[in-house]
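# Architecture and fold: a report
Chain by chain, the residues run as shown.
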Amino acid sequence: MKANEIYDKLKEEFGDEIIDLVEDEISDPFINVKPDKIDDICLFLRDGEGIDFDYLTMISGMDLGDAIGVVYHLYSLEYKHSIVLKLQVPKGNPDVPTVEKIWRTADWHEREAWDMFGVNFVGHHNLIRILCPYDWEGFPLRRDYKEPEEYHGMKVPY
Amino acid sequence: MKEKKNIDVAYSLLESDRMRLNVGPQHPSTHGVLRLEVELDGEIVTEVVPHIGYLHRCFEKHCENMTYPQCIPFIDRLDYISSMSNEFPYVIGVEKMAGIEVPERVEYIRVIMAELNRIANHQIAVATFGLDAGAFTPLLYLFRDREFILSIFEKASGGRLLYNYFWVGGLASDVHPTFKEDVLDIIKTVRQTNAEIMDLLVENRIFVERTANVGILPADVAINFGCSGPMLRGSGVAYDVRKAAPYSIYDRFDFDIPVGMGERGTLGDCWDRNIVRMREMEQSCRIIEQAIEQMPSDGDVKEKVPARVKVPKGEIYVKAENPKGELGFYIVSNGKPKPERLRARATSFVNLSVINDISKGYMFADLILILGSIDIVLGEVDR
Amino acid sequence: MGLLDRLDNPFDGGGIALGYVEDILNWGRAKSDWYLQFGLACCAIEFMAVNAPHFDFMRFGTIPRTSPRQADYIIISGTVTLKMADRIKTLYEQMAEPRYVIAMGSCANSGGPYWKHGYHVLKGVDRIIPVDVFVPGCPPRPEALLEGIIMLQKKISMQDIFNKRKKLQAKGITLDEKIAVK
């Protein structure tokens, strides 16, 4: 299935929640969605007839200045098509519903997005840091992050 | 005469506590710095919580501050056992976005090096899996063979373990004059040693008893958890990126995808994953033989390497079949010489998340075997 | 007959050899040093290759031990992150004296390729434990690691055990000024 066919199916099911489809020559096509109903959209994508996105490749965070973006890459093993979903949340209130119950691999990807960017996934059963130590402060991959001067008595900068 | 007392014990009053054991970051069999918090009921595992991050080296932060060619040494250090396979998807992605077409000879050398890397990686995987089960000798045989492969990499790129060899648009340097004969010699040695290892380790009755029916991963659980590589193929799902979405020149070669079939036990157990790795080594030998035959004998490998890599605005997700599974890179470019965001979709990070579900109900010694069969490398898990 | 008759030709047909107790103890410590099996990152793979048949370093008397209480020295092979640094300090303190440290690879020496933007990387393991031998390389060749181990053996065979306080005082160092006893 091509990206615009998936976009049409999503648009007729969810209407306003889907913003637009962006296609480019060299880029992969992606669909912008609103963050509130992402779990329903993902359930439709996983179970829909002929769509069947049963493989969540990854969830990434992105720092977009005054907003934080979350990018979902989906793939279907049977039909061999893929799609990219993107959403944006404001930096002051980064709440996104979790898709952990739909694909169990989202558990660790969401924990990493929380650790690196501070995206709060509502409904996650265990949203704690995964890569940085449990008492680390700050979200390292944001653009305005300053590395700490010392940690547990050890000097951090070179 | 003493009468026999009739003792009635109410077994429901006997309570046993669960114990939390720490298989800490320093442990001979955790394949690196991984901490497992294991909850045990006697000897039986009831819950496993992995704690990772002990090797978090800030890979994504570095890549946002380096130019596109400068990122390649950092990408090497992701899966440090087979470094050239990591560089493969990255250079293909950047070349696709920048519109660079590489010469034929470069494509063939890249495929041969990637398949040699696959053999080297599986040699370590099988060797350390045997070591976890208690067999020390296969490790010595496989490491000896691995040295022959490493000598070829050293003659081509200068390094034994970390190469910086695949450049955007070509290669760092050409191969040495006796490359073809050396590689064919190595294939012969690999096939001989693999036959010995099948006899010594894989078909060994003790090994089969230890690894069959242990760590069973059903196919739908594997797909839901996003597993890839020998973990997914060991459960019967024939998904290989080289056949599903062919990249480079893989569609010119004739090879099979080995899939686990539950020969010695249930489908998806540790023995299946191991035999998939052994058979993949044989398929890699086939690909290398075909590539050596078809390879053009002249051509400049640095012909299309640009002085400055200019990538137009856009984003792309490229993936390739790393020896451990599907390795992907999400490259976002905004037209500047440094990438805006480079995210690595690491195989071992996703494969490791499944360990809680597949090790419930087995003994503690089996947990070490299950961890060995997942075949993780901590450089990828923590990046 | 007996020992006294052989005092004139001490080495003829197996006799008496004389030496300092210090030399004999140092010889024992240097030629059978047991290391703690501890691999962090990429350098650990080179370390496993040194163990393997091609370069074989068990012929130098080194055997892997899994517990720090039984080990003589520790080879820090790989990047030390801040999360791991606390655990390395605990491991070092658990080792019994005399104990030594080899820092292998440029990540353990000074942070390696991650020195510039690594917010989670400790720039050199000598910020937390005292190091005896630094082996450069990324990763170092197996021959380089073997040279590092032989250098450590030479260092051990030259160390002072008895009358250390007098010798240090002769050099002008009092016990209060000494930072680490090697």
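Residues numbered from 1 in each chain as written. Chains lettered and ligands numbered in written order. Predicted model: local features only at pLDDT ≥ 70, side-chain atom pairs only at ≥ 80, totals over all residues. Heavy atoms only, no water.

### Details of the overall build of chain C
Heads up, the rule is: Helix and strand assignments follow DSSP, with helices taken as H or I runs no shorter than four residues and strands as E runs no shorter than two, numbered in order from the N terminus. With a 1.4 Å probe rolled over the protein chains alone, any residue whose accessible area is under 20% of its type maximum counts as buried; one over 50% counts as exposed, and the rest are partly exposed. Every residue pair with non-hydrogen atoms within 4.5 Å of one another is taken to be in contact. Working definition of accessibility: Shrake-Rupley area with a 1.4 Å probe, residue cover restricted to the visible protein chains.
Assigned secondary structure in chain C consists of seven helices and five strands. When the 182 residues of chain C are sorted by exposure, 43% land in the buried category. Long-range pairs, those at least 24 residues apart, make up 75% of the contacts in chain C with a sequence separation of at least 6. Summed over its atoms, the accessible surface of chain C is roughly 9,400 Å², and 57% of this surface lies on carbon and sulfur atoms.

### Concerning the overall build of chain B
How we decide: C-alpha atoms define the radius of gyration in this analysis, and the globule rule sets the expected value at 2.2 Å times the number of residues to the power 0.38.
Within chain B, the regular secondary structure consists of 15 helices and eight strands. Its C-alpha radius of gyration of 23 Å places chain B within 12% of the 21 Å reference for a compact globule of 383 residues. Principal axes of the C-alpha set define a box for chain B whose edges measure 100 × 45 × 35 Å. Out of the 383 residues belonging to chain B, those deemed buried represent 63%. Within chain B, residue pairs in contact and separated by at least 24 positions form 72% of the contacts whose partners lie at least 6 positions apart.

### Observations regarding the packing of aromatic side chains
Rule in force here: We call Phe, Tyr and Trp rings a pair once their centres come within 6.5 Å, taking the six-membered ring for Trp, and we label the pair stacked below 30 degrees between planes, edge-to-face above 60, and tilted otherwise. Comment: the charge-over-ring label is applied if NZ (Lys) or CZ (Arg) is within 6 Å of the ring centre and within 35 degrees of the ring normal.
This model, assessed by the stated rule, comprises 24 aromatic pairs over all chains. Each ring, one from B:F74 and one from C:Y114, has its centre 5.7 Å from the other, and the planes form 65 degrees; the classification is edge-to-face. Separated into two different chains, B:F74 in helix α2 (residues 72-76) and C:Y114 in the loop between α5 (106-110) and β5 (133-135) make up a pair that spans both. This pair shows no difference in class: B:F74 is buried, exactly as C:Y114 is. Among the aromatic residues, those joined into a cluster by ring pairs are B:F88, B:Y165, B:F166, B:Y247, B:Y250 and B:F255. Against the face of B:F166 rests B:R110, its NZ or CZ located 5.7 Å from the ring centre. A cation over a ring is seen here: C:R99 above C:Y92, with NZ or CZ 4.3 Å from the ring centre.

### Looking at the side chain of B:R343
Applicable threshold: Counting of polar contacts relies on pairs of N or O atoms within 3.5 Å, with two restrictions inside protein: one atom must be capable of donating a hydrogen and the other of accepting it, and residues adjacent in sequence are counted only when both atoms are side-chain atoms.
Here B:R343 is to be found in strand β8 (residues 341-345). Reaching out from B:R343, the side chain makes a polar contact with the backbone oxygen of A:I59 at a distance of 3.1 Å. With residues up to four places along the chain from it excluded, the contact list for B:R343 reads A:M58, A:I59, A:S60, A:H109, A:E112, B:E60, B:G328, B:F329, B:Y330 and B:R383.

### Description of the confidence of the model for chain C
Residues and elements named next belong to chain C. The cut-off we apply is this: One number per residue, pLDDT, summarises how confident the predictor is, and it ranges from 0 to 100.
Per-residue pLDDT for chain C has a mean of 84; in total, 86% of the residues score no lower than 70. Per-element mean pLDDT across chain C ranges from 59 in helix α1 (residues 2-5) up to 94 in β5. Counted against residues more than four places away or in other chains, residues 177-182, with its pLDDT under 50, gives 10 contacts. Predicted as a complex, the structure gets a pTM of 0.89 and an ipTM equal to 0.93.

### Points about empty space enclosed by the protein
Just so we agree on the cut-off: A 1.4 Å probe that fits but cannot get out identifies a cavity on a 1 Å grid over protein atoms alone, an open set with protein on both sides within 12 Å along at least five of seven lines counts as a pocket, and a residue lines either if it has an atom within 4 Å of a point. Grid points are joined across faces, edges and corners, and a volume is the space filled by probe spheres set on the points.
This model, assessed by the stated rule, comprises six cavities of 30 Å³ or more. In this structure, the largest cavity encloses a volume near 70 Å³. Considering the residues around the largest cavity, the lining is formed by 13 residues, among which B:R77, C:C42, C:C43, C:C107 and C:C138 are closest to the centre. The set of elements that each furnish at least two residues to the lining of the largest cavity consists of α3 (42-51) and α5 of chain C.

### Here we look at the sheet that holds strand β4 (residues 100-104) of chain C
Residue and element names in this part refer to chain C. Filter applied, for reference: Note: two strands are recorded as paired if DSSP finds a minimum of 2 bridges between them.
Strand order in the open sheet formed by five strands is β2-β1-β3-β4-β5, with parallel pairing between adjacent strands. Every other strand in the sheet has two partners, leaving β2 (64-65) and β5 as the edge strands with one partner each. Here strand β1 (residues 35-36) runs beside strand β3 (residues 73-77); their pairing, made up of two bridges, is parallel. Note on β3: the bridge partner recorded for Y35 is Y73.

### Re the environment of C:M84
Inspection of the secondary structure assignment puts C:M84 in helix α4 (residues 82-94). Taking C-alpha positions, C:M84 is 9.2 Å from C:L122, a pair spaced 38 residues apart along the chain. Once you skip the residues sitting within four places of it in the chain, C:M84 turns out to touch B:P25, B:V33, B:Y54, C:F38 and C:L40.

### Digging into the environment of B:A120
Residue and element names in this part refer to chain B. Inspection of the secondary structure puts A120 in helix α4 (residues 104-133). As a C-alpha pair, A120 and F148 span 28 residues in sequence and 9.8 Å in three-dimensional space. Beyond its immediate sequence surroundings of up to four residues, A120 is in contact with R146 and I149.

### Topic: the pairing of β3(C)
Most of β3(C) is tucked away: five of the five residues are buried. Burial along β3(C) is two-sided: C:Y73, C:I75 and C:S77 facing one way and C:I74 and C:I76 facing the other are all buried.

### What to know about the interface of chain A and chain B
To keep things clear, this is the line we draw: Buried surface area refers to the total accessible area, computed with a probe of radius 1.4 Å, that the two partners give up upon joining, counted for both partners together. In the sections that follow, a salt bridge refers to a side-chain nitrogen of Lys or Arg positioned within 4 Å of a carboxyl oxygen of Asp or Glu.
Each partner contributes residues to the interface: chain A has 39 residues there, and chain B has 40 residues. At the boundary of chain A with chain B, total buried surface from both sides reaches about 3,400 Å², with 56% on carbon and sulfur atoms. In terms of surface lost to chain B, no three residues of chain A exceed A:Y55, A:W108 and A:L131, which account for 20% of the buried area on that side. Across the pair A:E112 and B:R383 runs a salt bridge, and its minimum N-O distance is 2.8 Å.

### As for the interface of chain C and chain B
When the parts of a complex come together, some accessible area is lost, and that lost area is often taken as the interface size. Facing 35 residues of chain C, the contacting portion of chain B comprises 31 residues. With both sides pooled, the region where chain C packs onto chain B buries about 3,100 Å², and carbon together with sulfur makes up 68% of that total. When the area that chain C buries against chain B is broken down by residue, the three leading residues are C:I45, C:Y114 and C:H117, summing to 20%. In this structure, the connection of chain C to chain B is made through two salt bridges. Between B:E154 and C:R141 there is a salt bridge, and its shortest N-O distance comes to 2.3 Å. For the pair chain C and chain B, the number of links is 11 residue pairs in polar contact (both at pLDDT 80 or more).

### Quick notes on a nonpolar patch on the surface
Residues and elements named next belong to chain C. Here is the rule: Exposure above 30% relative accessible area and the lack of any salt bridge qualify a residue for a patch; like charges then connect within 9 Å, and the nonpolar side chains Val, Leu, Ile, Met, Phe, Trp and Tyr within 5 Å.
Nonpolar side chains collect at one region of the surface, where V21, L25 and F162 lie side by side and expose about 260 Å² of accessible area between them. Of note, L25 is situated in helix α2 (residues 21-31). The exposure class assigned to L25 is partly exposed, which follows from its relative accessible area of 36%.

### Overview of the nonpolar core
To keep things clear, this is the line we draw: Working definition of a nonpolar core: buried Ala, Val, Leu, Ile, Met, Phe, Trp, Tyr and Cys residues. They are joined through side-chain atoms within 4.5 Å.
Of all hydrophobic cores here, the largest spans 207 residues; its most connected members are A:Y72, B:Y90, B:M113, B:Y165, B:F329 and C:I76. In terms of residues, this core owes the most to one element, α4(B), which gives 15 residues. Ignoring anything within four residues of it in the chain, the contact list for B:Y165 reads B:M84, B:E87, B:I109, B:M113, B:A156, B:S157, B:G170, B:L171, B:A172, B:S173, B:D174 and B:V175.

### A look at the environment of B:I186
All names here are of chain B. Relative to the assigned elements, I186 resides in helix α6 (residues 179-202). When the C-alpha atoms of I186 and S83 are compared, they prove to be 19 Å apart, with 103 residues separating the residues in sequence. Beyond its immediate stretch of four places on either side in the chain, I186 contacts F148, I149 and I152.

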